[in-house]
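Working through the structure, step by step
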Amino acid sequence: MSSPRTEFLAGVRAELPITLGVVPFGLIYGVLAVSAGLPPPLAIASSSIVFAGSAQFIGAQLIGGGAPALVIWATTFIVNLRHLLYSAGLAPYTTHLTPPWRWLLAYLLTDEAYVVTAVYYEQTGAPLALRHYFWLGSGLTLWSVWNLTTAAGVLFGTQVPASWSLDFTMALTFIGMIVPLCRYRPNLAAALVAGTVAVLANGLPYRLSIMVAALAGIAAGVIAEQWRGEAQA
């Protein structure tokens, strides 16, 4: 029988396997942020305030590379535009919630939380009035792990041997999240286009290849979705 507690715990359980890849991700960010010149308290606080791993990584790298503030703002903004798509996909499930609930869930919406929540919402038979507790459980689990590992990376990350190659786990984590979503053709189109453009534009200064690839991927996904809608009409 569904209840707020069972839905919350289901969200925690669904998110826990993904956190195995988030742990080294957070450690690496902590080290990177400090090496880029961010004071340790600011590096730790960024994970609570910003709570967007990709944007934090890119922002720290651009700061360390001396990129202009406008480039940093524009790049992190565009990289995070994907959250508009996430929120649009989950918005129909939140119409019954109060504004404070929607604000909290929007803050907790990340790549990792979206993946497990979107899949669960499509498959569960739980009452709509209780499903947001699953989202809360998955989001808070990710938030807790991300903030704890960021702090550990800031305080102890330099003691981790480089031979562990923890940076590779970041790529593996995103691959593991993206592959299940690629069953949906617009998502597959967005992933293929973004990946191709990122490789081709790799030589651009200030890591602008990331911004260009993100825009190309979003555009490809939107166009593919429009074509799909027209084909079904």
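Attention in this report is confined to the structure presented alongside it. (Residues numbered from 1 in each chain as written. Predicted model: local features only at pLDDT ≥ 70, side-chain atom pairs only at ≥ 80, totals over all residues. Heavy atoms only, no water.)

Regarding its fold elements, the chain presents eleven helices and zero strands. Helices and strands in the chain line up, N terminus first, as α-α-α-α-α-α-α-α-α-α-α. Of all 233 residues assigned to the chain, the portion counted as buried reaches 42%. For the chain, the proportion of contacts with a sequence separation of at least 24, taken over those separated by at least 6, is 80%. For the chain, the accessible surface area stands at approximately 12400 Å², while carbon and sulfur atoms represent 71% of it. (Helix = DSSP H or I, 4+ residues; strand = E, 2+ residues; numbered from the N terminus. Buried < 20%, exposed > 50% of the residue type's maximum accessible area, 1.4 Å probe, protein only. Contact = heavy atoms within 4.5 Å. Areas by Shrake-Rupley, 256 points an atom, 1.4 Å probe, with all protein chains shown as cover.)

Let us now look at the environment of Val-31. With respect to the element layout, Val-31 can be found in helix α1 (residues 4–35). Each C-alpha atom, one on Val-31 and one on Leu-155, is 8.3 Å from the other, the two residues being 124 residues apart in sequence.

For the rest of this paragraph, the subject is unusual backbone geometry. Negative phi characterises most residues that are not glycine, and trans characterises most peptide bonds. A positive phi is found at Phe-51, a non-glycine position, where the angle reads about 50°. Relative to the helices and strands, Phe-51 is located in the loop between α2 (40–49) and α3 (53–64). Under the relative-accessibility criterion, Phe-51 is labelled buried at 4%.

Next up on the list: helix α4 (residues 69–79). Those residues of α4 that fall on the buried side of the exposure criterion are Val-71, Ile-72, Thr-75, Thr-76, Ile-78 and Val-79. The buried residues of α4 all sit within an arc of 165° when viewed along its axis, so they share a single face. Away from its buried face, by an angle of more than 90 degrees, α4 presents the exposed residues Leu-70, Trp-73 and Phe-77. (Arc of directions from axis to C-beta.)

For the rest of this paragraph, the subject is the nonpolar core. By size, the foremost hydrophobic cluster in this structure holds 33 residues, and its most contacted members are Tyr-29, Phe-57, Leu-90 and Trp-146. Elements supplying a minimum of two residues to this core: α1, α3, α5 (82–90), α7 (111–123) and α8 (128–156). Of all the elements, α1 adds the most residues to this core, at eight residues. Once residues lying within four places of it in the same chain are set aside, the contact partners of Tyr-29 are Leu-38, Ala-43, Ser-46, Ser-47, Gln-56, Phe-57, Ala-60, Trp-146 and Thr-150. Residues Leu-62, Ala-67, Ile-72 and Val-79 belong to the second largest nonpolar core, which totals six residues. (Core = buried A, V, L, I, M, F, W, Y, C linked by side-chain atoms within 4.5 Å.)

Moving on: the packing of aromatic side chains. Inspection of the entire model under this criterion finds nine aromatic pairs. Each ring, one from Phe-25 and one from Trp-146, has its centre 5.4 Å from the other, and the planes form 65°; the classification is edge-to-face. Taken together, the residues Phe-25 in helix α1 and Trp-146 in helix α8 connect sequence positions 121 residues apart. Among the aromatic residues, those joined into a ring-pair cluster are Phe-25, Tyr-29, Phe-57 and Trp-146. (Phe/Tyr/Trp six-rings, centres within 6.5 Å; stacked < 30°, edge-to-face > 60°.)

This brings us to the side chain of Thr-19. With respect to the helices and strands, the residue Thr-19 is situated in helix α1. You can call Thr-19 buried: its relative accessible area is 6%. Beyond its immediate sequence surroundings of up to four residues, Thr-19 is in contact with Thr-141, Leu-142 and Val-145.

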